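Survey of secondary and tertiary structure
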Amino acid sequence: MVDVDAALDEAGLKNSHVRDYVRHWAAITGAERIEVVSAADDARLIEESLAAGELWPAGEGLYYSRSYFKDTARSEERTIVATSDEADKGTYNNWRPASEMKPKLVELMTGASAGKTMYVIPYLMSPQGSPLEKFAAGVELTDNRNVVLQMNRMARVGVEYVNDLGDSFVRAVHVTGDLPNLGQGTPDDQRYFVTVADERTILHFGSSYGGNALLGKIAHGLRQGAYDGWKNNFLVEQFMLLGITDKVTGKKYNICGGFPSASGKTNLAMTLAPDALGDRYHVEFYGDDIAWIWVGDDGKLYGFNPENGVFGVAKDTNEGTNPTALDSILPGSGAIFTNVAYNSKTQEVWWEGRTKNPPADVDGWEDWKGSLISERTPEQADEPWAHPNSRFTTTLTNVPNVAGGYADPAGVEIHGIIFGGRTRDREPLIRAITDVAEGVYDGLTLGAEATAAADGLEGVLRYDPMSMRPFMSYPEADYAQHWLNVIGAATVKPIFAHVNWFQRGDDGRFLWPGYRENLRPLVWLMQLKNGEVQGVETPVGILPSKDELLLDGLDEQTLADLDTVLTIDNARWQQEIGYREKHLAQFDGLPEEIWVAHRRVADALEASATE
Ligand code: GTP
Ligand code: SPV
Ligand code: MN
C-alpha cells in the first residue's frame, strides 16, 4: 500500500478531512504514488511531461499536447447530476439517484489507477477572500499529469487554499481509464461524468481532456457551483464578464453574459475597442466562461470570474478576430495548445483560421492526431489539420487587457446582463429589456441554431437556457425562480439585452462585421441605461435607432445592412413564439411571472402585426 500520510506530511497538507478523503480514494483507485501539487511545481511537472513524451515544445515556454483521438472535452449524454432527492430531476440535468451512481463509479475506478501517480490538487475557484470562497475550494485527485498542468493554469492551486477549511471542500475524483477501450460514443460506452451535487462530490471516469477531466472548471465551477448557489442565494453561470471604461466621462460599466459554447464568449471578453472608438473607450477582460454573481449588502449586483486562466477555442483565432488571445499565448507565457496541428521539425503550431491558408510547406506538419500532412491521400485532403474544438490554455495574467481588479475578492458591480445566440435571421443586433422577468424569460429562451441537419429543422433553435443547458444541475423551473429571487433582491437592477452577431444575408454573408465592432451595441446599451439615448420600442425590446449607434469607421455595406439587423421580422417572431411555448412547457412549475412575460411579448407581436 502506498504511504499516503508520508506524501501529505511532506506537502504540509494538514486538513484531516482532506487527508481522510485522499486515503479513501487512494485505496480504491490503487494508485502507486501520491503527490500533492502546488502552482510552484509547474516547471518541474512540465519537464517531466516533456521527458515522458506527453508534451512537446512549441516555442520558448510554449507546449503542445494531444488528447486521445476518441476522447472529448465534454460528453453531454454521459454527464449526470445525481442527488438523493428525486425532486432535483430536471429536463437537462440527466438526474439519477446518488445511490445508483456512486457504486457504479466506485466499481469503474477500483484499481483503475494501478501503477500510476495520484496527484492531489487543492484548488480554489474564486479570488482569495471573496464572500463565496467557502463554496469555491476543492481537491481534485487525478491520475493524469497533463490534467495537473491544465488545472495549474485554470485554477489557483496549493495546500494553503484548503488547510483551514475543515470539511467544506468539493471532493473531485478524476480517473482517466483505459482510453482505447472505453467504447466512447458506442452503445457500450464505459464513461461516466457524475456530479453528486448534494454531497459536493464529483466522480469523472473515462477522459483526460477539457471539462471532462479538469474538474475545477466545469464540474465544480459551473455544475456544483450552480447547485450550491441555488441553496445559498447566488448565481453561477456560463458567462463572460467584461468592463467598458468611457475615458471621457471616467465612468465604468461591467457587463456579463451567456452565449452557448463556441458562440463567442472568449472573443467578446477579449475584445479591443474598434480603432475609431479607441480614444474614447477601453475594454477590460474579467472572464470568458464562468461568472459567479450575488447581491451585495449595498443592494448592488456583483460578480467575479472564478477561474485563473482561459481554456479558449483555437479555431479562427487570428490577428483580426482576436489579437488579445494571440498576445496571451506568446513565447514565455507557459501556454499549452491541445489538438491543434504541430510541426515536429520547427515546433510551430497551426489551426484552421490562424492564417487564411495552411502553411504552404507541409514538411514536418502533423495533424491533431499525429498523422503527417505530407502522407495524406487525396480523399483526406479536405480534413481539418486541427480538431474543431482544439484549445489553448493560458493564465489570466497573460491576457494583455486583463482588468487590474480581476482578482479582487469584492468582485465588480454588474450593470448589464446579455444573452447571445447564433441566429441567422430574426434576432436583431441588440434589443434591450428593462423588465427583470422579461429579461429572465429572454435568457430561458436563448438558443443557437441547430447545425447538423439531424439536430433539427431550419430556423428552429437548440434552446440553451442562459447558455447553461450542458451544466444545468437542478430543475429549470427552480432555476428560473432562483433568477427572479436573486435579481429581484437587487435594489439597483441591471439592464438586460439580447445580442446577435450572426445574422446573415441571402448570399450567406454576415450582416454585422462582429468582433471588435461588437463594442458599439454594448456602448449603446449603457447609454440607454443612463437615459442618454431613447431607442425604439418594439414588442421584443428596445432597439437602437440607426443614428444612436456610434457608426464612425463602419463600411458602406455594414451601414446598409443595419436596416436589416435593426428591424423586427414580425411573422418570423410569431413563429418563434410558438416554438418557445413548447420549449417552456417542458419545465413543470415554471414561475407564472415567466409565462406572463411570454404572453406579453406574444400579444405585443400580434398587436403590432395588425397595426
Ligand atoms: P466555450 O469556450 O466553448 O464556452 O466557447 P466561447 O463562447 O468562449 O466561444 P468562442 O469565443 O471560442 O467562439 C468562437 C467562435 O465564434 C469562432 O468560430 C469565432 O470565429 C466565432 N465568433 C466570435 N465572435 C464573433 C463575431 O462577432 N462574429 C462572427 N461572425 N463570429 C464570431
Ligand atoms: C465549453 O465547452 O463550454 C467549454 C470547454 O468551456 S470545456 O471546459 O471543455 O467544457
Ligand atoms: Mn464554456
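That block above? That's the structure.
Counting from 1, residues in each chain are numbered in the order their sequence is written. Chains and ligands are labelled sequentially in the order written, the chains with letters from A and the ligands with numbers from 1. The predicted origin of the model limits local features to residues at a pLDDT of at least 70 and limits the giving and counting of side-chain atom pairs to 80 or more, whereas totals for whole chains, interfaces and linings rest on all residues. To get the side-chain values, all heavy atoms of the structure are used, and hydrogens and water are removed first.

**Considerations on helix H9 (residues 436–444)**
Defined as follows: Categorising residues by exposure relies on relative accessible area from a 1.4 Å probe, with only protein chains included: less than 20% of the type maximum marks a residue as buried, more than 50% marks it as exposed, and the intermediate range marks it as partly exposed. To qualify as a helix, a DSSP run of H or I must reach at least 4 residues; to qualify as a strand, a run of E must reach at least 2; elements of each kind are numbered from the N terminus. Whether two residues are in contact is decided by their heavy atoms, any of which lying within 4.5 Å being enough. Counted as a polar contact is a pair of N or O atoms within 3.5 Å, where, for protein atoms, one must be capable of donating a hydrogen and the other of accepting one, and residues adjacent in sequence contribute only when both atoms are in side chains.
In terms of burial, H9 is a largely internal element, 9 of the 9 residues being buried. For H9, the set of buried residues is Val 436, Ala 437, Glu 438, Gly 439, Val 440, Tyr 441, Asp 442, Gly 443 and Leu 444. Against strand E25 (416–420), strand E26 (430–433), helix H10 (476–489), strand E29 (495–499), helix H13 (570–585) and helix H14 (592–609) lie the buried residues of H9. For H9, the N-terminal capping position is held by Asp 435, with its side-chain oxygen 3.3 Å away from the main-chain nitrogen of Ala 437.

**Considering the site of ligand 2**
Cut-off, in case you're wondering: Working definition: residue near molecule or strand if any one of its non-hydrogen atoms lies within 4 Å of it. Accessible areas in this description were obtained via Shrake-Rupley with a 1.4 Å probe; residue shielding takes into account the shown protein chains only. Residues were grouped as follows: Ala, Val, Leu, Ile, Met, Phe, Trp, Tyr, Cys and Pro as nonpolar; Asp, Glu, Lys and Arg as charged; and all remaining residues, including Gly, as polar.
Around ligand 2, the neighbouring residues are Ala 73, Arg 74, Gly 210, Gly 211, Lys 217, Ile 218, Gln 238, Ser 261, Asp 289, Phe 311, Arg 391 and Phe 471. Contacts to ligand 2 include Gln 238, whose side-chain N or O atom sits 2.9 Å from an oxygen atom. In the model, an oxygen atom of ligand 2 is placed 2.6 Å from a nitrogen or oxygen of the Ser 261 side chain. Look at ligand 2: alone it shows 280 Å² of surface, and the protein chains cover 96% of it. For the shell around ligand 2, the residue count by class is 4 nonpolar, 4 polar and 4 charged.

**What to know about the sheet that holds strand E17 (residues 301–304)**
This is how it is decided: A pair of strands is labelled paired if DSSP reports no fewer than 2 bridges between them. Whenever a helix is involved, its axis is fitted only over the stretch in contact; in every case the axis is a line through C-alpha atoms, and angles between N-to-C directions fall within 0 to 180 degrees.
Sheet architecture is open: 4 strands sit in the order E12-E16-E17-E24, paired in antiparallel fashion. Of all the strands in the sheet, just strand E12 (235–237) and strand E24 (412–413) have a single pairing partner and so form its edges. Note: strand E16 (residues 291–295) against E17, 4 bridges, orientation antiparallel. For Ile 293, the partnering residue across the bridge sits in E17 and is Gly 303. Contacts between helix H6 (residues 216–232) and the sheet are confined to E12 and E16, with E12 contributing the most and set at about 145° to the helix. Across the sheet, H10 lies against E12, E16 and E17, angled at about 120° from E12, the strand it touches most.

**Things to note about the site of ligand 1**
In the vicinity of ligand 1 lie 20 residues, with Ala 262, Lys 265, Thr 266, Arg 391 and Tyr 515 positioned nearest. One of the side-chain N or O atoms of Thr 266 is found 2.8 Å from an oxygen atom in ligand 1. In the environment of ligand 1, an oxygen atom lies 3.4 Å from a nitrogen or oxygen atom belonging to the side chain of Asp 316. Of the residues assigned to the shell around ligand 1, the class counts are 7 nonpolar, 8 polar and 5 charged.

**Section: the coordination of the manganese ion (ligand 3)**
Rules: The donor set comprises N, O and S atoms within 2.8 Å of the metal, extended to 3.2 Å for Na, K and Ca; water molecules are omitted, so apparent gaps in a site may simply reflect that omission.
Distances from the manganese ion (ligand 3) to its protein donors, Gln 238 (OE1) and Asp 289 (OD), fall at 2.1 to 2.2 Å. Note that Gln 238 is positioned in the loop between E12 and strand E13 (239–246) and Asp 289 in the loop between strand E15 (281–287) and E16, a separation of 51 residues in sequence. The exposure class assigned to Gln 238 is buried, which follows from its relative accessible area of 2%.

**Concerning the pattern of salt bridges**
Applicable threshold: Think of a salt bridge as a Lys or Arg side-chain nitrogen and an Asp or Glu carboxyl oxygen that are within 4 Å of each other.
If you walk through the whole model with that rule in mind, you get 48 salt bridges. One salt bridge connects Arg 191 with Asp 189, and the closest N-O pair in it is separated by 2.9 Å. For Asp 507, the salt bridge identified is with Arg 509, shortest N-O distance 3.0 Å. The network of salt bridges with shared partners includes Glu 35, Asp 41, Arg 44, Glu 48, Glu 54 and Arg 145.

None of the figures reported here should be taken as evidence of function without further support.
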